[in-house]
Structure formats: C-alpha cells, structure tokens
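# Analysis of the macromolecular model
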Amino acid sequence: MINANQLDSLHISPVWVDALNATFERFDISSNLRKAAFIGQCGHECGNFKVLEENLNYRAEALQKLWPKRFDSAKAQACARNPKLIANTVYSSRMGNRDEASGDGYRFRGRGCIQLTGSANYHHAGKALGVDFIMNPDLVATPMYAALTAGWFWDTHKLNQYADTQDYKTMTKKINGGFIGLDDRIKHITHALQVLNT
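Residues numbered from 1 in each chain as written. Predicted model: local features only at pLDDT ≥ 70, side-chain atom pairs only at ≥ 80, totals over all residues. Heavy atoms only, no water.

### Let's talk about helix α2 (residues 17–26)
Defined as follows: Buried means the residue's accessible area, taken with a 1.4 Å probe over protein chains only, is under 20% of the maximum for its type, while exposed means over 50%, and partly exposed covers the values in between. What counts as a helix is a DSSP run of H or I of at least four residues, what counts as a strand is a run of E of at least two, and both are numbered from the N terminus. Residues are treated as being in contact if the distance between any of their heavy atoms lies within 4.5 Å.
Looking only at α2, the buried set comprises Val17, Ala19, Leu20, Asn21, Thr23 and Phe24. Buried residues along α2 sit in contact with α1 (4–9), α3 (32–45) and α9 (143–156). Looking one or two places after α2, you find Asp28, whose phi comes out positive at around 55°.

Below, the structure is given as structure tokens:
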C-alpha cells in the first residue's frame, strides 16, 4: 500500500492514493520494486500524474517530422494546431480505429497513465476491468481508470518481471517502443524506491 505522505514526497497529489492502491492490488504490483517501477514509468508518461490526455497540439513542422508518411506539407499545414484533425489523421485505420471520417482517432486518443490509445485497447482494457470505455472513453482520463488501465497494460505486457530484475531498459521499450526518456524514467523509479523503502 502507498499513503498520502509517500505520494507527497514524490510530488504526486493524494487523489491518487486509492487509484494506485487498487491498481497495485489488482495486478500484483506488490513489492516496492514493482510499485516504484510502476510509479516511475507512469510518472514519466503522464507528467508525474498531472497529464492524463495526450497533447496533440503540434506545429506543421513537427507533424512532418513525427509522421512523415501521414503528413505531406499541405496536410501538415491543414492540420497544424488542431488536435482533433491530427488524432484522426495519425490514428485512423489502425489499432482498431475506423477511417479518418469516423472520428475514432480523436475519440480513442491517448489517455491515462500509460496513454491507452486506439479503440482495440479501449475495448480490451474495458473488458478486463468490466467498464465500457468504448461508450465512455473519457473515463480513462480519471485517476481511478487512468491507473487501472495502466495496470492492465502493465499486466498484459508482463512488466512485473522487469521490475523484479530492475531491467528498466527492456521495460521502457515495452512501454514506449524505444528508449525515449530512459534516464528520466530511471530517476523517477529511483526516487520512488527511496520513498517507499523509508
């Protein structure tokens, strides 16, 4: 269990106490190594538990750099600084989403502590947790379901084993697809471990 004082030491709001403890219990995030890894990885992914929705407010240049196959110059200019258009372009026809016109890309944009993205993930996480996220996707941006969907992701990607061996590089690759922010993630994990062990 984690308490409000420990979260305060980590600069995380006490509103997360119940959500984190429910997630830890449900997904066997039981040791301090596991809890610290979860808190550290999520802390990096969601701005230390403050940003529960993907920021898609990109400039045209950034769109072309991030998604060169999806944005030529004209499309990037048309979509720049428009999160809805950007999400519908980037996430259309994949991850269980329908085409751009359906609006699924924006409807099922990244939310939660590990940025649950795509209707297929919303469906499977909802089925596992007994909640209809397809009809209520905004629930994933509330503390309880932001944490629980991250726990579902954690469990389905078998991340406890990497926490146990402190293999944060492999863990980060499973979460991020690469190693973006690895040093920051390790810093968050180390700090969480210090707080939990005192």
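### Examining the environment of Arg107
The test is simple: Think of a polar contact as two N or O atoms within 3.5 Å of one another; within protein, one of them needs to be a possible hydrogen donor and the other a possible acceptor, and neighboring residues in sequence only count if both atoms come from side chains.
With respect to the secondary-structure elements, Arg107 resides in helix α7 (residues 104–107). Under the relative-accessibility criterion, Arg107 is labelled partly exposed at 33%. With sequence-adjacent residues up to four places away left out, Arg107 is seen in contact with Arg98, Ser102 and Pro137. A polar atom in the side chain of Arg107 sits 3.3 Å from the backbone oxygen of Ser102.

### Thoughts on the packing of helix α8 (residues 119–129) against α9
Note the threshold: The axes used here are C-alpha line fits, helices contributing only the stretch in contact, and every angle between their N-to-C directions lies in the interval 0 to 180 degrees. What sets the label is the angle itself: under 35 degrees gives roughly parallel, over 145 gives roughly antiparallel, 65 to 115 gives roughly perpendicular, and the rest give oblique. Classification convention: Asp, Glu, Lys, Arg as charged; Ala, Val, Leu, Ile, Met, Phe, Trp, Tyr, Cys, Pro as nonpolar; all other residues, Gly among them, as polar.
Close contact between α8 and α9 brings their axes to 10 Å; oriented N to C, the two are set at 100°. By the angle class used here, α8 and α9 are roughly perpendicular. Note on element contacts: α9 touches α8 through Leu148, Thr149 and Trp152, opposite Asn121, His124, Ala125, Ala128 and Leu129. Classifying every residue of the contact of α8 with α9 by side-chain character gives five nonpolar, three polar and no charged.

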